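# An overview of the molecular structure
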Amino acid sequence: MADEASEEKPAKKGGNVILIAIIAILVFLLIIGGLVVALLLSGGGEQPTAATATEGGEMAVQQAAPAQQQMPKKPTPQQRSNDFFNVGPMYPMDQFVVNLLSESGSRFLKMELNLELSEEKLTMEIDQKKPLLRDIIIRTLSSKTYEDISTQKGKEHLKDELVTRINEALRDGYIKNVYFTDFIIQ
């Protein structure tokens, strides 16, 4: 009997370690699952494409295309549109030459940009507010340093900021995106 009691204790101790390991793995999997669900719900998930489709091949791509056509993603006026297949009407702005923010004052930016409009009727409002919009763009550009806009990420952030600030001044529609057609920093 004493031998049986001593044999049961090591078995329980090993069982506890296995139980703790299983619980730890389950908690880890729950955390990972929660993160995946959070990313999918926040729009971080990508639509399946030919490159990401594995089983079903073309079938998965064909099913994704109608879903995109049924539910076109409309950006809010504060977000830039990334729908490059349905580009809206363009409004070309005149050239901008501004001094960049620096201690020496020796850097400047020369650029041209086009505004992608949500609707054609927005053209009339932009024509009326062109001086105001140019002022908004000039103030935004001149508040930037060389380091702010010299990288690709910096240019994307500048586009986001321009879209947000311009849309604050518009009433009949909104700017979907800003496209730089000339961008020179010296």
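Described below are features of the structure shown in this document.

Scoring rules and cut-offs
Residues numbered from 1 in each chain as written. Predicted model: local features only at pLDDT ≥ 70, side-chain atom pairs only at ≥ 80, totals over all residues. Heavy atoms only, no water. Helix = DSSP H or I, 4+ residues; strand = E, 2+ residues; numbered from the N terminus. Expected span 1.5 Å × (residues − 1). Buried < 20%, exposed > 50% of the residue type's maximum accessible area, 1.4 Å probe, protein only. Arc of directions from axis to C-beta. Contact = heavy atoms within 4.5 Å. Axes fitted to C-alpha atoms, helices over the stretch in contact; angles between N-to-C directions. Left-handed = near helix turned anticlockwise from the far one by under 90°. Polar contact = N/O pair within 3.5 Å; in protein donor to acceptor, adjacent residues only side chain to side chain.

Right, let's talk about helix α4 (residues 130-142) for a bit. With 13 residues, α4 extends 18 Å between its outermost C-alpha atoms, agreeing within 8% with the 18 Å of an ideal straight helix rising 1.5 Å per residue. Residues L133, I136, I137, T140 and L141 constitute the buried set of α4. Viewed along the axis of α4, the buried residues span an arc of 125 degrees, placing them on a single side of the element. Of the surrounding elements, those touching the buried residues of α4 are β2 (96-99), β3 (108-117), α3 (122-128) and α6 (152-167).

This paragraph deals with the packing of α4 against α6. Running from amino to carboxyl end, α4 crosses α6 at an angle of 145 degrees, the nearest separation of the two axes being 10 Å. As for the relative orientation of α4 and α6, their crossing is right-handed in sense. Only L158, E161, L162, R165 and I166 of α6 make contact with α4, whose side of the interface consists of L133, I136, I137, T140 and L141.

Time to look at the side chain of E116. When you line up the elements, E116 lands in strand β3. Classification of E116 by relative accessible area gives buried; the value is 0%. At 2.8 Å, the side chain of E116 forms a polar contact with the side chain of Y179. When residues no more than four places from it in sequence are discounted, the contact partners of E116 are N86, V87, G88, P89, M90, Y174, I175, K176, N177 and Y179.

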